Amino acid sequence: MATIYASPYLVDVLLTVDGKDCSFTISRAVYNRVYNKASTLILEIVGQHSIDLFHIGAPVSLRAARGVGEGANIRDNPPADIRSLHFEGFVRMVRPTDNGGLVTLADPLSLLSTSQIKDFKKNDYLGMDMYYAAASVIDDLNDTATSSGDTLGFYDYYGGKWLDTSRLKQGSDLIVTDDLDIFGFQTSKKFIDKLFANMYKTIDASDYLANEYQSNKVYYLPWYYNVSYGNVVDFYTIDLYNNVPRISLELNEDNQYILKDSMSTQIDTTRQVNSATVVSSINNSVSARHDDTASQALYGVKAAQYTSSSTEYDFLEDVARKYVERYKSPSNSYTVSTRHQLLLSPGDIVKVRLPTIGVDDVLPVLEVMTNLEGGYAEQKITFGERNLPTSELLTQLLQ
């Protein structure tokens, strides 16, 4: 897949397997990235003998850059504009065909899902910042060298680190408390996901302009995590309400790099809830329900039941109300495909003006699928609308 001349519109790809250059074996690569889960890379392999190079567990590195030699050989600290095309991971599945095959890889975050089941005890985390509690779980994984690590060949390559947590220094000021229902036997990923389900950054909108028509001026920004590049982990929030949001790009229908007829919108009611009942897990005779009659009149009843470790009716009612406020409306997502030099990542913020699908807003990038083929990089970008500014902070994990 190497290009033959330097061009700002062409992408040069370097792929190594077990440290050896195997770029010649691939005809196409599809890189999928989303928040709060492992990224995946799917390779189309050409040649019956080439597929043998991609054994299960093999460490694979993919680095790409515009033109030839422009950062493609930089592993540890790639330029910022190509970090979204820097993947490190393991072979997880091989599907041979008559003339090659398909290989599926996952980044090191996948190790959290397959980790040993552990008893996460309350006393080990009480009083900790949730941010650092989650980081400590990843560090504990780094301290575990097993026979699978020797097979994967990845652990030693990064000097004893499956995942690099060196950038996790911000903190969230959210403390692990006794009433959080997040402890017990589970995988590392499940515990981290429970922590993040309770992590919100509070924004006082009176400090800057934000949707002036809203009576509620307090916003709760959820925390997210992913591997930003290589094996480097980031925890982050997406602030859309600032006077000057950190916009990575402006998309409009006049941009030449937007592919024709690629824009689409989706209205999804899968997560919609306008009637929530929260039942105490300690005493199931104690419960509370909150309904949003306006939402029910528009969309019909969308009911759901959750549990909480609290036995206080007022608390259960407040949780039910906050959950309904967050999910009472259908979610809207938008998709657009771009080509050439646009390299976005989950967590980026884009200014979108697409009259064809009725969008004119500042929106977060939720998911990115990058297709590398024939020297070109084409991205399918999924982004969503603003979160509603409601008192939605969930102080209990809803299960």
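Everything quoted here is computed from the prediction, not taken from an experiment. Numbering of residues starts from 1 in every chain and runs along the sequence as written. Residues qualify for local features only when their pLDDT is at least 70, as the model is predicted, and side-chain atom pairs are given and counted only at 80 or more; totals for whole chains, interfaces and linings, by contrast, use all residues. Each side-chain value is derived from all of the structure's non-hydrogen atoms; neither hydrogens nor water enter the calculation.

*Asks:* Can you lay out the overall build of the protein for me, pointing to particular residues and giving the numbers?
*Replies:* Along the backbone of the protein there are six helices and 22 strands. For the exposure calls, accessible area comes from a 1.4 Å probe over protein chains only, and a residue counts as buried if that area is under 20% of its type's maximum, exposed if over 50%, partly exposed in between. Per-residue burial over the protein gives 53% buried out of 399 residues. In what follows, residue pairs with any heavy atoms lying within 4.5 Å of each other are defined as contacts. Within the protein, counting contacts between residues at least 6 apart in sequence, those at least 24 apart form 70% of the total. Elements are defined by DSSP. Helices are runs of H or I of four residues or more, strands are runs of E of two residues or more, and each kind is numbered from the N terminus.

*Asks:* So, the side chain of S136: which residues are in play, and what are the values?
*Replies:* Summarising the element assignment, S136 is placed in helix α2 (residues 130–142). Polar contacts, as used here, are pairs of N or O atoms within 3.5 Å; protein pairs need one atom able to donate a hydrogen and one able to accept it. Residues neighboring in sequence count only if both atoms are side-chain atoms. Of note is the side chain of S136, whose polar atom sits 2.6 Å from the backbone oxygen of A133. Apart from residues lying up to four places away in sequence, S136 is in contact with Y125 and M128.

*Asks:* Hey, could you go over the sheet that holds strand β18 (residues 303–308) for me, with residue numbers and the actual values?
*Replies:* In this description, strands pair whenever DSSP reports at least two bridges between them. Strand order in the open sheet formed by three strands is β17-β16-β18, with mixed pairing between adjacent strands. Strands at the two margins of the open sheet, each flanked by one partner only, are β17 (287–291) and β18. Direction aside, the axes of adjacent strands within the sheet are offset by 20° on average. Here strand β16 (residues 275–280) runs beside β18; their pairing, made up of six bridges, is parallel. Following the sheet pairing, S275 is matched in β18 by A303. Inter-axis angles, ranging from 0 to 180 degrees, are taken between N-to-C directions of lines fitted to C-alpha atoms, where helices are fitted over the stretch in contact.

*Asks:* I'd like a description of the packing of α2 against helix α4 (residues 188–197), backed by residues and values.
*Replies:* Orientation of α2 relative to α4, taken along the N-to-C sense of each, is 170°, at an axis distance of 10 Å. As far as their axial angle goes, α4 and α2 are roughly antiparallel. Each of M130, A133, A134, V137 and I138 in α2 lies in contact with α4, whose residues at this interface are S188, F191, I192, L195 and F196. Between 65 and 115 degrees an angle is taken as roughly perpendicular, under 35 as roughly parallel, over 145 as roughly antiparallel, and anywhere else as oblique.

*Asks:* How would you sum up α4? Please name residues and give values.
*Replies:* Residue pairs three or four apart in sequence face the same way in an α-helix, which turns once every 3.6 residues. Buried residues dominate α4, accounting for seven of its ten residues. Those residues of α4 lying buried are S188, K189, F191, I192, K194, L195 and F196. Where α4 is buried, its residues contact α1 (110–113), β8 (118–120), α2, β9 (184–186), β12 (224–229) and β13 (232–236).

*Asks:* Hey, could you go over the pattern of salt bridges for me, with residue numbers and the actual values?
*Replies:* Here, a salt bridge means any Lys or Arg side-chain nitrogen found within 4 Å of an Asp or Glu carboxyl oxygen. One pass over the structure, following the stated rule, counts eight salt bridges. When the shortest N-O distance is used, the salt bridge between D193 and K189 registers 3.0 Å. Of this pair, D193 and K189 both sit in helix α4, four residues apart, which is roughly one turn of the helix. With its nearest N and O atoms 3.4 Å apart, the salt bridge here joins K328 to D292. Taken together, the positions of K328 in the loop between α6 (313–327) and β19 (331–339) and D292 in the loop between β17 and α5 (293–299) put the pair 36 residues apart, joining distant regions of the chain. The residues K328 and D292 share a single accessibility class, namely buried. Within the structure, one salt-bridge network assembled from shared partners comprises R28, E44 and E373.

*Asks:* Outline unusual backbone geometry, listing residues and values.
*Replies:* In terms of backbone geometry, most residues other than glycine have negative phi values and most peptide bonds are trans. Located in the positive-phi region is D18, a residue other than glycine, with phi close to 55°. One can find D18 in the loop between β1 (11–17) and β2 (20–21). The class for D18 is partly exposed, based on a relative accessible area of 38%. Positive phi, normally seen in glycine, also occurs at D173, with a value near 60°. In this structure, D173 sits in the loop between α3 (147–152) and β9.

*Asks:* Summarise the packing of aromatic side chains; cite the residues concerned and give the values.
*Replies:* What counts as a ring pair is set by centres within 6.5 Å for rings of Phe, Tyr and Trp (its six-membered ring), and what kind of pair is set by the plane angle: stacked under 30 degrees, edge-to-face over 60, tilted for all other angles. For the coordinates displayed, the defined rule picks out 13 aromatic pairs. Where Y131 meets W223, the ring centres are 5.5 Å apart and the plane angle is 80°; that geometry is what we call edge-to-face. Placement of the pair is Y131 in helix α2 and W223 in the loop between β11 (218–222) and β12, with a sequence separation of 92 residues. Site record: aromatic cluster; members linked through ring pairs are Y131, Y132, F196, W223, Y225 and F235.

*Asks:* Describe the environment of R321, with residues and values.
*Replies:* Within the secondary structure layout, R321 lies in helix α6. On the basis of relative accessible area, R321 is assigned to the partly exposed category, the value being 30%.

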